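# Summary of the model geometry
Read off the chains here:
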Amino acid sequence: MARTRALLTERDRELLADEEGGNRRYQAISEIRSRINDELSTDVEVLKENHPELLEELREVVCDEE
């Protein structure tokens with residue numbers, strides 16, 4: 001089974017790791033920020049309304065304070 005991305009693509013990960021990535025890095029940051037503010041927010045609402053158990057699993061992963 002092929003793996004899918006969660007929030008970041010492989011390319012996003014590469015660009016974020018490259019501190020001298022220039023415009024492409026800043027563009028990736030902008031796109032990631034949009035995914036967080038738009039798409040992820042919508043997904044959280046859908047989970048909240050339709051499957052709160054999955055929302056709790058998401059919170060456990062995202063809010064894990066190690």
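Here, the structure is the one placed above.
Here goes a summary of the coordinates provided. This is a predicted model, so every value here is computed, not measured.

### Structural notes on the overall build of the protein chain
Each helix and strand counted, the protein chain has three helices and zero strands in total. Taken from the N to the C terminus, the helices and strands of the protein chain come in the order α-α-α. At 14 Å, the protein chain has a C-alpha radius of gyration far larger than the 11 Å of a compact globule built from 66 residues. Here the C-alpha coordinates of the protein chain stretch approximately 40 × 30 × 25 Å along the principal axes. For the protein chain, the proportion of its 66 residues judged to be buried stands at 12%. As presented, the protein chain carries roughly 6000 Å² of accessible surface, and 48% of it is formed by carbon and sulfur atoms. Taken together, the 10 basic and 19 acidic charged side chains of the protein chain have centroids lying 6 Å from each other.

### A look at the layout of surface pockets
One number sums up the size of the largest pocket: a volume of about 180 Å³. Every residue lining the largest pocket is listed: R5, A6, L7, R35, E39, L40, D43, L58 and V62. For the lining of the largest pocket, the secondary-structure elements that each account for two or more residues are α2 (22-50) and α3 (52-62). With four residues, α2 is the largest single contributor of residues to the lining of the largest pocket. When grouped by side-chain class, the residues that make up the lining of the largest pocket number five nonpolar, no polar and four charged.

### A word on the packing of helix α1 (residues 10-17) against α2
Orientation of α1 relative to α2, taken along the N-to-C sense of each, is 125°, at an axis distance of 9 Å. By the angle between their axes, α1 is oblique relative to α2. Crossing hand, α1 versus α2: left-handed. Residues R11, D12, L15 and L16 of α1 lie in contact with α2, whose contacting residues are R24, R25, A28, I29, I32 and R35. Of the residues contributing to the contact of α1 with α2, the split by class is five nonpolar, no polar and five charged.

Definitions and cut-offs
- Residues numbered from 1 in each chain as written.
- Predicted model: local features only at pLDDT ≥ 70, side-chain atom pairs only at ≥ 80, totals over all residues.
- Heavy atoms only, no water.
- Helix = DSSP H or I, 4+ residues; strand = E, 2+ residues; numbered from the N terminus.
- Rg over C-alpha atoms; globule rule 2.2 N^0.38 Å.
- Buried < 20%, exposed > 50% of the residue type's maximum accessible area, 1.4 Å probe, protein only.
- Areas by Shrake-Rupley, 256 points an atom, 1.4 Å probe, with all protein chains shown as cover.
- Lys, Arg positive; Asp, Glu negative; His and termini not counted.
- Charge placed at Lys NZ, Arg CZ, Asp CG, Glu CD.
- 1 Å grid on protein atoms, 1.4 Å probe; cavity = no way out; pocket = protein on both sides within 12 Å on 5 of 7 lines; lining within 4 Å.
- Points joined across faces, edges and corners; volume = space filled by probe spheres on them.
- Nonpolar A, V, L, I, M, F, W, Y, C, P; charged D, E, K, R; others polar.
- Axes fitted to C-alpha atoms, helices over the stretch in contact; angles between N-to-C directions.
- Parallel < 35°, antiparallel > 145°, perpendicular 65-115°, else oblique.
- Left-handed = near helix turned anticlockwise from the far one by under 90°.
- Contact = heavy atoms within 4.5 Å.

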